[in-house]
Amino acid sequence: MHVDAALREFAGDSRAQAAAQDRVLAARAEWQARPQVARVLADCRTLRNTGDFARCGALEALIHGGAAQEFVAQFIAAMLAAWRDQPLAQLPFRHSYAAGQGIVHIHRDGPVTLALVLVEPDAARAPRTIAFSDCDRREVVLAGQGAAVGYTRRDGAPPVAKEVRLAPGTVLTADADNSRAIAVLDAPLVLLRVAREPAHPRPTREVELATGRIVHRASPSPADGRAELAAALLGAMGRADAAPALARYC
């Protein structure tokens, strides 16, 4: 395997690594301190504490008032300037990419996240099932055009579907009983998302669109996940003596 000489040198120089990371972190701090950004981040704190989006004027302007484009452009300009100076610095934001969909969490305040979301054209398709998660989400399209389908859940019946045309400025909303699927794209879709998870969210339900039948249910609670793993392990070990303790989770 070939390793570039500059990368090998950087990997062995802890001072250079620290300086590179400091440059990127300073750029993030400078961006966060800008008045427009500071107001948005303060509203994230308000949304965390109250759950009331109506009390968050800066976030309202971001999603519904057309301020998202400039907000994101400033973020990208600030961070790219830092990476031009220090291209080997690590990304100081939680991020992921899989199966044509990517996300970068540009800010997190407890249960509230502000994120950039990417959907590639190949990842857009008409689904057979749709998941309803107990998370209040608002998304505004920054770039890309196509079609989405909004779904409203009904107990024991197929979800109600409504087509939504996607273009810059389109707003999508979702919660425990409303979800969306990106069906068709002509180009990569970029959205800015504001999301707030409740303190005690209901289970996520994946529903078959044709029948309304729940095909999968998952708890968003880390504690429930740990309990399920423990139960699976104890079952594989044949620990019948654990049955009384496991019964408390049924």
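Residues numbered from 1 in each chain as written. Predicted model: local features only at pLDDT ≥ 70, side-chain atom pairs only at ≥ 80, totals over all residues. Heavy atoms only, no water.

## Remarks on the sheet that holds strand 2 (residues 101-109)
- Reading across the sheet, the six strands line up as 1-2-3-10-5-8 and stay open at both edges, with antiparallel pairing between neighbours. The strands lining the two open edges of the sheet, one partner per strand, are strand 1 (95-98) and strand 8 (171-174). Adjacent strand axes in the sheet meet at a mean angle of 20 degrees when their direction is disregarded.
- With seven bridges joining them, strand 5 (residues 136-143) and strand 10 (residues 189-196) adopt antiparallel strand pairing. The residue bridging aspartate 136 from the neighbouring strand is arginine 196, located in strand 10.
- The sheet strands contacting helix 5 (residues 68-85) are strand 2, strand 3 (112-119), strand 5 and strand 10, and the helix crosses strand 5 at an angle near 80 degrees. (Pairing = 2+ DSSP bridges. Helix = DSSP H or I, 4+ residues; strand = E, 2+ residues; numbered from the N terminus. Axes fitted to C-alpha atoms, helices over the stretch in contact; angles between N-to-C directions. Contact = heavy atoms within 4.5 Å.)

## Some points on the packing of helix 3 (residues 35-50) against helix 4 (residues 57-64)
- At a minimum axis separation of 7 Å, helix 3 and helix 4 run at an interaxial angle of 110 degrees. Considering their axes alone, helix 3 and helix 4 lie roughly perpendicular with respect to each other. In contact with Arg39, Val40, Asp43, Cys44 and Leu47 of helix 3, helix 4 contributes Gly57, Ala58, Leu59 and Leu62.
- Grouping the constituent residues of the contact of helix 3 with helix 4 by class yields six nonpolar, one polar and two charged. (Parallel < 35°, antiparallel > 145°, perpendicular 65-115°, else oblique. Nonpolar A, V, L, I, M, F, W, Y, C, P; charged D, E, K, R; others polar.)

## Quick notes on the packing of aromatic side chains
- The full count for this structure, using the stated rule, is three aromatic pairs.
- Where tryptophan 31 meets phenylalanine 75, the ring centres are 5.0 Å apart and the plane angle is 65 degrees; that geometry is what we call edge-to-face. One end of the pair, tryptophan 31, is in helix 2 (residues 14-33); the other, phenylalanine 75, is in helix 5, with 44 residues separating them in the sequence. In terms of burial, tryptophan 31 and phenylalanine 75 fall into one category: buried.
- In this structure an aromatic cluster arises from ring pairing among Trp31, Phe71, Phe75 and Phe93.
- Against the face of phenylalanine 93 rests arginine 28, its NZ or CZ located 5.8 Å from the ring centre.
- Taking NZ or CZ as reference, arginine 138 lies 4.1 Å from the ring centre of phenylalanine 53, over its face. (Phe/Tyr/Trp six-rings, centres within 6.5 Å; stacked < 30°, edge-to-face > 60°. Buried < 20%, exposed > 50% of the residue type's maximum accessible area, 1.4 Å probe, protein only. Lys NZ or Arg CZ within 6 Å of the ring centre and 35° of its normal.)

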